[in-house]
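Architecture at a glance
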Amino acid sequence: MLAAGKPFNDNVSIYAFFDTILSIRKDGTVWHYGGDDYKMATKSNIPAKLSSPAGIVFVKLACGSTLLGLTDKGDVYEWTAGHQTPVEKNLPAAASDIVSSNNHWAGALVGGDIYGWGDGIYLGTGGNIANPTALKAAWGLKATIIKVTANHNTLHFITDAGDLYGMGDNAQGEVGIGDEKVNKAESYPTPYVWDWTY
C-alpha cells in the first residue's frame, strides 16, 4: 500500500467497476483503490497491490462479476469474490483477449475461438459452465473470431470476415436484432427467449 498523498506513478492502464478503480503498473502488478466490489481485499482510499503469483506480468484486465487478468504470456487468471489470490484458468493455448460480464460469466479469446465459463444463458449454451469451454462448436460457427467484448447482458464478437454476432438476454436491445426485453416482458415467454446471432 502506498502512503497517502504520495504520487502513484508508473501506471500503464486503468479500469473501473462500480466503486472500484484498478490499474496495471509498468511492472505488471495490479493495484486497486476505492470500494472493494470484488470482496478480495479491503476498501482502500489509496492504491493497494492485489495479490498474484510471483513473476506474473499482467497486460490487461476485464472487470465484471469476476476480475480477469491477461498476462504477457497469454495466461488468464481469475480473482473471484472473497479470494485474494487469482487462480489460473485452464486453457488449451495462449489467450489474446479476455471479457467478463456482471452476469456471472467470463471468457477468453484463444486461437479464434471463445472459451467461456459461468452462466451459459449469456454464452448461447444454457446451464452453468464450470470450466473454460470452447463455444464455436456449440454455436455451429466455423469462422475465426478476432475480437470480443461484453456488457452486462450480452457477448459480442467479430469474425475474420467482419461479421458481428451478439447473444445474451437483450434487455436493452443490445443484441442488435431490432427488439428489446425491457418494457415488453408481457409479450415474451417466461423465461425470456432470445436469438443469439445477428
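Everything in this summary refers to the structure shown in the same document.

Reading the values: rules and limits
- Residues numbered from 1 in each chain as written.
- Predicted model: local features only at pLDDT ≥ 70, side-chain atom pairs only at ≥ 80, totals over all residues.
- Heavy atoms only, no water.
- Helix = DSSP H or I, 4+ residues; strand = E, 2+ residues; numbered from the N terminus.
- Buried < 20%, exposed > 50% of the residue type's maximum accessible area, 1.4 Å probe, protein only.
- Contact = heavy atoms within 4.5 Å.
- Areas by Shrake-Rupley, 256 points an atom, 1.4 Å probe, with all protein chains shown as cover.
- Salt bridge = Lys/Arg side-chain N within 4 Å of Asp/Glu carboxyl O.
- Pairing = 2+ DSSP bridges.
- Axes fitted to C-alpha atoms, helices over the stretch in contact; angles between N-to-C directions.

**Regarding the overall build of the protein**
Scanning the protein from terminus to terminus reveals one helix and 15 strands. For the protein, buried positions account for 46% of its 198 residues. Looking at the protein alone, contacts between residues at least 24 apart form 35% of all its contacts between residues at least 6 apart. On the protein, roughly 9,900 Å² of surface is accessible, and the fraction owed to carbon and sulfur atoms is 52%.

**Quick notes on the side chain of Ser 100**
Take Ser 100: it is sitting in strand β9 (residues 95-100). Residue classification places Ser 100 among the buried positions, given a relative accessible area of 9%. Not counting chain neighbours up to four residues away, the residues in contact with Ser 100 comprise Ala 62, Cys 63, Gly 64, Ser 65, Thr 66, Leu 68, Trp 105, Ala 106 and Ala 150.

**Here's the deal with the pattern of salt bridges**
What the rule picks out here adds up to three salt bridges. Asp 10 is the salt-bridge partner of Lys 26, the closest N and O atoms lying 3.9 Å from each other. Taken together, the positions of Lys 26 in the loop between β2 (20-25) and β3 (30-34) and Asp 10 in the segment before β1 (11-17) put the pair 16 residues apart, joining distant regions of the chain. By relative accessible area, which is 42% here, Asp 10 ends up partly exposed. In this structure, Asp 97 engages Lys 60 in a salt bridge whose closest nitrogen and oxygen atoms are separated by 2.4 Å. Linking Asp 97 in strand β9 with Lys 60 in strand β5 (residues 58-63), this pair joins segments that are 37 residues apart in sequence. Take Asp 97: its relative accessible area is 12%, and that puts it in the buried class. Take Lys 60: its relative accessible area is 28%, and that puts it in the partly exposed class.

**So, the sheet that holds strand β15 (residues 164-168)**
Strands sit in the order β13-β14-β15 across an open sheet of three strands; the sheet is antiparallel. Bordering the open sheet on either side are β13 (145-150) and β15, each of which pairs with just one other strand. For this sheet the average axis-to-axis angle between neighbouring strands, irrespective of direction, equals 20 degrees. Taken together, the five bridges between strand β14 (residues 154-159) and β15 define a ladder with antiparallel strand orientation. The residue of β15 that forms the bridge with Thr 154 is Gly 168.

Purely geometric stuff here, so don't read any function into it on its own.
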